[in-house]
Amino acid sequence: MSRSEKKAPLHRKVLWLCVSGLLGLLFFFAQHFDDWRPAKPVETHDAPASVRKLLESRESLYNNIYVYEQGSNVSMTFGYNRHIYTESIFNTLDDRDMPVAYTRFMTTSLIYAKNVHSILEIGFGGGRTAWYLHRFLPDVPITSVELDPEVVALAHKYFGIRDEPNFHVVNEDGRTFLAHANEHYDIILIDAYRGPFVPFHLLTKEFYQIVKDHLAEGGVVAQNIEPTTMLFDSAIITIKSVFPDLDFYLADQNVVTVAYDGNRLSVDELASMAARRQAEYHLRYDLTQMLAARRVFSLGDGTIDLGAKILTDDFAPVETLKAIEAHNRKWQEP
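For every chain, the first residue of its written sequence is number 1, and the numbers climb from 1 along that sequence. Only residues with pLDDT of at least 70 are given local features in this predicted model, and only at 80 or more are side-chain atom pairs given and counted; all residues enter the totals for whole chains, interfaces and linings. Side-chain metrics in this entry use all non-hydrogen atoms of the structure; hydrogen atoms and water are not considered.

Draft legend 1. Representation of the overall build of the chain. Every helix listed is a DSSP run of H or I at least four residues long, and every strand listed is a run of E at least two residues long, numbered separately from the N terminus. For the chain, the count of helices and strands is 11 helices and 12 strands. Each residue gets one of three labels from its accessible area relative to the maximum for its type: buried under 20%, exposed over 50%, partly exposed in between, using a 1.4 Å probe on protein chains only. Expressed as a percentage of the 334 residues in the chain, the buried residues total 50%. Carbon and sulfur atoms make up 56% of the accessible area of the chain, which amounts to about 16800 Å² in all. Shrake-Rupley sampling with a 1.4 Å probe provides the accessible areas, and residues are treated as covered by the protein chains on show and by no other component.

Right, here's the structure in full:
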């Protein structure tokens, strides 16, 4: 037997180990690729992801922020625990476009409100929902509350946000802002995701009671909730414990809830108001068409787990404020 023949088995072993390692790597990436999907479903309109360009990144006290350009779209993303989550998308060719579907359905709150004299938004991000409403309702004061000043700065730099009359952005925690506010609002919008989750203090019964206390007569609250979160059922049960009337709007993989107090509005009343407000404001995304996506929520219809727990603060007031401050700080990765 020749020397080359004697070494052949070793060569085959080395080759087999290389192939096995390559297959293992391919299997790993296949299993973990979905972990990089956006927390908020998005719709892209032009260039493939391969030509996405990083415009700027900032590390703030609360977030790792990345702004990308992709064709005519600019996106704001948050990095959290090695994952990337899309917060906002801005069409630079059309500031009235809302590329992310759920942001359109946040405007269905206009159908439910008795009046539209003032709007509050908790969670600004790239400012697309608030700016859209401002463009079509320029005479209505809109206040947006955003915890992270770097997010606001980037929104002004890349997302077409400008300082204009009746459009005001406040750097503060949303719950803290409400706790000290004297104003009442016809519409309160809540979209305060930080990567994959909503801060706990913006999901509790006590928080929704504060929201309710700051609604004007006939006011309404709309909130974006990601349905795959483990707290989804509890979040719905908690909202329902404060607001007896609750409707759903399915927007791709997100859910927009619209909650209000008082007598439940009938189908005819909602249809009439949608037509009236659409005629008054001439919105890009027609309220009468979006109303068709409405789903009525009632306990026991099988939509959620009735055994889900109502979320509460479970803290004394002083401890709650300390917990909010601690929770708002960016989680540090090891």
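Draft legend 2. Molecular detail of the environment of Glu 217. Tracing the backbone shows Glu 217 in strand β9 (residues 215-225). A relative accessible area of 62% places Glu 217 in the exposed class. Residues Glu 217 and Asp 186, 31 residues apart in the sequence, show an inter-C-alpha distance of 7.4 Å.

Draft legend 3. Here's a closer look at the sheet that holds β9. When DSSP finds two or more bridges between a pair of strands, those strands are recorded as paired. Read from one edge to the other, the open sheet built from eight strands follows the order β7-β6-β5-β8-β9-β11-β10-β12, with strand pairing classed as mixed. Each having just a single partner strand, β7 (167-171) and β12 (294-296) make up the two edges of the open sheet. Ignoring which end each strand starts from, the neighbouring axes of this sheet average 20° apart. Alignment of strand β10 (residues 245-251) against strand β11 (residues 254-260), held across seven bridges, turns out to be antiparallel. Directly across from Tyr 249, in β11, lies its bridge partner Val 256. The sheet contacts of helix α4 (residues 128-136) involve β5 (119-122), β6 (142-146), β7 and β8 (185-190), and relative to β6 the element is tilted by about 170°. Orientation is described by axes fitted as lines to C-alpha atoms, over the contacting stretch for helices, and by angles from 0 to 180 degrees between their N-to-C directions. Should any heavy atoms of two residues lie within 4.5 Å, those residues are considered in contact.

Draft legend 4. Just the packing of aromatic side chains, in detail. For Phe, Tyr and Trp, rings pair up if their centres lie within 6.5 Å, where Trp contributes its six-membered ring, and each pair is then called stacked (planes under 30 degrees apart), edge-to-face (over 60) or tilted (otherwise). According to the stated counting rule, one finds eight aromatic pairs in the structure shown. Seen in terms of ring centroids, Tyr 132 and Phe 136 are 4.9 Å apart; in terms of plane orientation they differ by 55°. Their pairing is tilted. Highlighted residues: Tyr 132 and Phe 136, both in helix α4, separated by four residues, approximately one helical turn. When sorted by exposure, Tyr 132 lands in the same class as Phe 136, which is buried. When the centroid spacing of 5.8 Å and the interplanar angle of 40° are considered together, the rings of Tyr 132 and Tyr 285 count as tilted. Of the two residues, Tyr 132 sits in helix α4 while Tyr 285 sits in the loop between α9 (267-281) and α10 (287-290), which places them 153 residues apart along the sequence. A single burial state applies to Tyr 132 and to Tyr 285, both of which are buried.

Draft legend 5. Broad picture of the nonpolar core. Ranked by internal contacts, the top residues of the largest apolar core, which has 54 residues, are Ile 119 and Leu 137. Leaving out residues up to four positions away in the same chain, Leu 137 has contacts with Leu 110, Val 116, Ile 119, Tyr 281 and Leu 283. Formed by 37 residues, the second largest nonpolar core is a distinct cluster that contains Tyr 185, Phe 207, Ile 210 and Val 221. Side-chain atoms within 4.5 Å link the members of a nonpolar core, which is a set of buried Ala, Val, Leu, Ile, Met, Phe, Trp, Tyr and Cys residues.

Draft legend 6. Highlighting helix α5 (residues 149-158). By the burial criterion, the buried members of α5 are Val 151, Val 152, Leu 154, Ala 155 and Tyr 158. In a view along the axis of α5, the buried residues occupy a sector of 165°, so they form one face of it. In protein, a polar contact means a hydrogen-donor-capable atom and an acceptor-capable atom, both N or O and within 3.5 Å, with residues adjacent in sequence counting only if both atoms are side-chain atoms; elsewhere, any N or O pair within 3.5 Å suffices. Measuring from the side-chain oxygen of the N-cap residue of α5 to the backbone nitrogen of Glu 150 gives 3.0 Å; that N-cap residue is Asp 148. Of the residues flanking the end of α5, it is Gly 160, one or two places downstream, whose phi is positive at about 70°. In this description, one arc is meant: the one made by directions from the helix axis to the C-beta atoms.

Draft legend 7. Main features of α9. In a regular helix each residue adds 1.5 Å, so 15 residues correspond to 21 Å; α9 covers 21 Å between its end C-alpha atoms and thus fits that length. By the burial criterion, the buried members of α9 are Leu 270, Met 273, Ala 274, Arg 277, Gln 278 and Tyr 281. The buried residues of α9 occupy an angular sector of 130° when projected down its axis, which confines them to one face. Turning to α9, the residues buried within the fold contact α3 (109-112), α4, β10, α10 and β12. In a helix, the anticipated span is given by 1.5 Å times the number of residues less one.

Draft legend 8. Main features of the pairing of β11. The buried count for β11 comes to seven of seven residues, which makes it a mostly enclosed element. Burial of β11 is two-sided: the residues Asn 254, Val 256, Val 258 and Tyr 260 facing one way and the residues Val 255, Thr 257 and Ala 259 facing the other way are all buried. Bridge analysis of β9 against β11 gives six bridges, and the strand direction is antiparallel. Directly across from Gln 223, in β11, lies its bridge partner Thr 257. Counted between consecutive antiparallel strands, the loop separating β10 from β11 contains two residues, among which Asp 252 sits at a positive phi close to 55°.

Draft legend 9. Quick look at the confidence of the model for the chain. Taken over all residues, the pLDDT of the chain has a mean of 82, while the share at 70 or more is 76%. On a range of 0 to 100, pLDDT expresses the predictor's confidence in each residue. This model gives residues 1-47 a pLDDT under 50, and the stretch forms 44 contacts once residues within four places in sequence are excluded. Within the model, pLDDT remains below 50 along residues 315-319, and this stretch shows three contacts once partners closer than five positions in the same chain are excluded.

Draft legend 10. Inspection of the side chain of Ser 144 at higher detail. The residue Ser 144 is located in strand β6 in this model. Apart from residues no more than four positions distant in its own chain, Ser 144 is found in contact with Glu 121, Phe 124, Ala 130, His 168, Val 169 and Val 170.

Draft legend 11. View of unusual backbone geometry. With phi around 55°, Asp 252 is a residue other than glycine that occupies positive phi space. Take Asp 252: it is sitting in the loop between β10 and β11. One non-glycine residue with positive phi stands out, namely His 282, at about 55°. Among the secondary structure elements, His 282 is positioned in the loop between α9 and α10. A relative accessible area of 58% places His 282 in the exposed class.

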